[in-house]
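Residues per chain are reported as follows:
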Amino acid sequence: MRSPIPPIPPRKSQYGIDPSLVKKRVSELPGMTSVLIKELFPDMPDIIYPTDKGIEAVRKATEEALKHVDMSMIKPEHSVNILASHHGFTLLGGEPYAEMLKTLKDVIQAKTGCKDIRLRAGVGLRFRETEEYIKRYGLDKYFNGKAIGIAPIDEGVPIETEIGTLYGIKRAYDADWIVHAHNSDVREVHFHRQVDRAVKPFGMSYARIETRSTYHQNMGPRAANFVARAIFDSPFVQKKFAFACFLTVAPHGIIGVDADNDLYALNDRITFIGCRYYGKMMTLLGSIDECIVALDFPCPVVYVFAGGVIYANFAGANTDLYDLDSVPLPSYTWYTEAFYGKNGKPLLEDIPPLNPAIKMCIHNYAWVGYPSAFFSEHIPTVVVGREQADLFNRDPQNLNYMKHALIADDLETAMEFAYKVTGTRKVLIFDGAIGGINLSEPLAEYLLKKAPEVNEKVENELLPKWLRQRGVDIRIRDQVGKKYAVSM
Amino acid sequence: MKLVNLIAQVDRGKCVGCKTCEKVCPVLAIKVVDGKAEVDVDRCRGCAACEQRCPVYAISMQKRDNPLLVSVDIASVNYDEILKLCSNALLHPEQVVCYCTGTRAEEIAAAILKGAKSPEDISFMTGARTGCKVECIQPILRLLEAAGVKSTPPQGGWQWYGRTVTVWEIPKKVREKHSSRGFYFDEDEKLLDRVRTAPLQGRGVK
Ligand code: SF4
Ligand code: SF4
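This one's a predicted model, so the numbers in the text were calculated from it and none came from an experiment. (Residues numbered from 1 in each chain as written. Chains lettered and ligands numbered in written order. Predicted model: local features only at pLDDT ≥ 70, side-chain atom pairs only at ≥ 80, totals over all residues. Heavy atoms only, no water.)

## Overview of the domain arrangement of chain A
All names here are of chain A. Domain assignment breaks chain A into domain 1 (19-44 + 281-452) and domain 2 (56-250). Computed from C-alpha coordinates alone, the two centres of domain 1 and domain 2 are separated by 29 Å. Every contact between the two is made by 31 residues of domain 1 and, on the other side, 28 residues of domain 2. Roughly 2,300 Å² of surface becomes buried between domain 1 and domain 2 when both sides are summed, with 63% attributable to carbon and sulfur atoms. For the pair domain 1 and domain 2, the number of links is zero salt bridges. There are 13 residue pairs in polar contact (both at pLDDT 80 or more) connecting domain 1 and domain 2. Listing elements by their share of the side of domain 1 that touches domain 2, those giving two or more residues are strand 10 (291-300), helix 11 (311-314) and helix 12 (334-338). It is strand 10 that provides the largest number of residues to the side of domain 1 that touches domain 2, a total of three residues. (Domains from an automatic or database assignment. Contact = heavy atoms within 4.5 Å. Buried area = accessible area lost by both parts, 1.4 Å probe. Salt bridge = Lys/Arg side-chain N within 4 Å of Asp/Glu carboxyl O. Polar contact = N/O pair within 3.5 Å; in protein donor to acceptor, adjacent residues only side chain to side chain. Helix = DSSP H or I, 4+ residues; strand = E, 2+ residues; numbered from the N terminus.)

## Comments concerning the sheet that holds strand 14 (residues 381-384) of chain A
Residues and elements named next belong to chain A. A sheet is described by the order of its strands in space; here seven strands give the open sequence 1-17-16-10-13-14-15, paired in mixed fashion. In this open sheet, the two edge strands, each paired with only one partner strand, are strand 1 (32-36) and strand 15 (405-408). Recorded for the sheet is a direction-independent mean angle of 25° between the axes of neighbouring strands. The pairing of strand 14 with strand 15 spans four bridges and is classified as parallel. In the strand pairing of strand 15, Thr 381 is matched with Ala 405. Helix-sheet contacts for helix 14 (residues 386-393) involve strand 13 (358-367), strand 14 and strand 15, and the interaxial angle to strand 13 is about 85°. (Pairing = 2+ DSSP bridges. Axes fitted to C-alpha atoms, helices over the stretch in contact; angles between N-to-C directions.)

## Observations regarding the site of ligand 1
Taken together, 13 residues lie around ligand 1, and Cys 15, Cys 18, Lys 19, Cys 21 and Cys 54 of chain B are the ones closest in. Within the shell around ligand 1, the residues separate by chemical class into 10 nonpolar, two polar and one charged. (Near = heavy atom within 4 Å. Nonpolar A, V, L, I, M, F, W, Y, C, P; charged D, E, K, R; others polar.)

## So, the sheet that holds strand 7 (residues 177-183) of chain A
The strands making up a sheet associate through backbone hydrogen bonding, with each pair oriented either parallel or antiparallel. Residues and elements named next belong to chain A. Ordered by their spatial adjacency, six strands build an open sheet running 4-3-2-7-8-9, and the pairing between neighbours is mixed. Edge positions in the sheet fall to strand 4 (147-150) and strand 9 (253-260), since each has one partner strand and no second. Averaged over all pairs of adjacent strands, the angle between their axes in this sheet comes to 20°, without regard to strand direction. Judged from the seven bridges that link them, strand 8 (residues 241-250) and strand 9 form a sheet pairing that is antiparallel. The residue bridging Val 249 from the neighbouring strand is Ile 254, located in strand 9. Along the sheet, helix 4 (residues 129-136) makes contact with strand 2 (79-85), strand 3 (116-122) and strand 4, crossing strand 4 at roughly 160°. Along the sheet, helix 10 (residues 263-286) makes contact with strand 7, strand 8 and strand 9, crossing strand 8 at roughly 10°.

## Here we look at a nonpolar patch on the surface
A cluster of nonpolar side chains, Leu 406, Phe 417 and Val 421 of chain A, forms an exposed patch at the surface whose accessible area comes to about 270 Å². Within the fold, Phe 417 of chain A resides in helix 15 (residues 411-422). (Patch = residues over 30% accessible without salt bridge, like charges linked within 9 Å, V, L, I, M, F, W, Y side chains within 5 Å. Areas by Shrake-Rupley, 256 points an atom, 1.4 Å probe, with all protein chains shown as cover.)

## Quick look at helix 7 (residues 209-218) of chain A
Residue and element names in this part refer to chain A. In terms of burial, helix 7 is a largely internal element, 10 of the 10 residues being buried. Listed as buried for helix 7 are Ile 209, Glu 210, Thr 211, Arg 212, Ser 213, Thr 214, Tyr 215, His 216, Gln 217 and Asn 218. Just beyond helix 7, the residue with positive phi is Gly 220, at close to 100°. (Buried < 20%, exposed > 50% of the residue type's maximum accessible area, 1.4 Å probe, protein only.)

## Here we look at the site of ligand 2
Every one of the 13 residues lining ligand 2 counts as a neighbour, but Cys 25, Cys 44, Arg 45, Cys 47 and Cys 50 of chain B are closest to it. Looking at the shell around ligand 2, its residues break down into 11 nonpolar, one polar and one charged.

## Observations regarding the pattern of salt bridges
Within the structure shown, the criterion is met by 44 salt bridges over all chains. Residues Lys 67 of chain A and Glu 64 of chain A are paired through a salt bridge, measuring 2.9 Å at the closest nitrogen-oxygen approach. Residue class for Lys 67 of chain A comes out exposed when judged on its relative accessible area of 55%. By relative accessible area, which is 40% here, Glu 64 of chain A ends up partly exposed. The closest approach of N and O atoms between Asp 193 of chain B and Arg 196 of chain B, which form a salt bridge, is 2.8 Å.

## A closer look at the pairing of strand 13 of chain A
All names here are of chain A. Burial within strand 13 is extensive, with nine of its 10 residues counted as buried. Across three bridges, strand 13 lies against strand 14 in parallel orientation. Bridge pairing links Ile 362 to Val 382 in strand 14. In this view, the connection linking strand 13 to its parallel neighbour strand 14 by way of helix 13 (residues 373-378) has right-handed handedness. (Right-handed = clockwise from strand over helix to strand, strands pointing away.)

Take a look at the structure:
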């Protein structure tokens, strides 16, 4: 068996405990190993990062992708807002996304002569998160002091759409042109269901609370994504939209950069990537019969990564998150969470429970800043270290998290307890290991055995269905195939 | 219901009087007086919106010596009135509208029945919208509207701007134009109808 892959190190942040308090990583425990994504699915595309070419490969790929983009609408005297989102900075340590943003600035400036190029970086529910990234990657300097974090409670701007007035963040749109700089990582499939993934930030990280609440409360789990499309299609946004540039990502790394003046064309390509590559990982993880989950990543509980899949998605992996017809409400999404009544049961009988394969959750290291009590309420959870418990008790979004969780003094005690109580030796570690998954030996064997049949099922049965449900022509396979080489 | 265990504290030496905190506070508990921000300790619900947006990092969140439990007792109003209000707002009374505090629609409705006239009143009375500060504004506005309360946003503030569309209101032509691209309007409308009319699990019970 392979040794574990070094996990993403703890990161200093106001949303997490001090890195010095993370005494041990779960992958350092006895019996832990790793599997490479390429071992599981040999037909995953080649990656451009991380490789021995370093971060320069991201710069090159961005420059290459931008060669085909029309920027003639941007004049030297104009202003441009490059719109970014926090999520990009959580991918592979954040450097590739930061490099793409820097390259974007350089290319726009070189191609158009425009000098007033700003970075506006949106957030989720941690309003200072992108401020931290801007500092960490030197983006404030790179953008000559014109890089700021924007939050959904900042001043708004009304946007007239075909479904009425929605609201954006004023400073996202305070330029002549906007450039949509995002990534194709699927992350919250439970919310967006891989419908208009490329468009989503217009309804989220660039949007005000009214819009985000519309998405999460007014529309329903599968109609919600239209909120973003309505904003993007509005005359207000269309007048400013120049082009989009995306870091394209698969579960094992960055596979390229895609840029286009036509966001919907780009959207179809990343829908394909999302369904095909992440669909395989999710289907595989969904086949796990029992396991202990370990959280060990500098991100809120729901967003910790294993094999490119976040914990929130694994918590719903007992259902097919990509299947829009058969799964109206996944096991976890905010609509689902909202629909649990007072006796702790779903209001509708057909609402599925959180993934019953998760027997226990060991929370070794994860951040606050996202309402996560639903998880500790429904999955037995042990939090390592009192400092971490205190942090959750001080977070306005998580005042109930520790009500349902136990505290262990150290990781070893927590794991021992989990092994004893659950009776399983299968452990899945969400620690952002790059290129593979850290896990226990019995689970590694299980996944390696299951992967070939999952691969076949996704390619032949599920992928065509998923694309059909989204109105994406399966022939896009050839177009995308040409873009991303596969070395077996 | 929320246990308010934090309070905002202003470092007057750092404060530049920009009023950002005033514009984002969901309960109007912080105001600039003579060029410096001041917190009303009885009103503050410990949401940290001001601390997270102050441009000069002049605000910190401190532990309250005596945490404050804020809630509206649903037993203190006629539950039939709550049912009526939630039904008009197309919400199930037991559905959670604020994920951070676990506040259900019925408690918001009770706050309105007890005199809340704005989202600010509701947040002050129930603690809803003092967690993430983002996701629950629409059901709150829907419930106020269903009660016939005409609320206007705080003048000059950024607390909220207005109610937006619900799935029931999506025009037919929009549905027809876009449903082939994975937007399940009709199906989700039916789903939400099933939810809002689902049986109660604990009528009137806390
Ligand atoms: S946001 Fe900060 S600087 Fe501005 S008034 Fe409030 S405390 Fe003072
Ligand atoms: S309620 Fe929130 S925004 Fe208002 S003063 Fe208290 S912490 Fe600040």
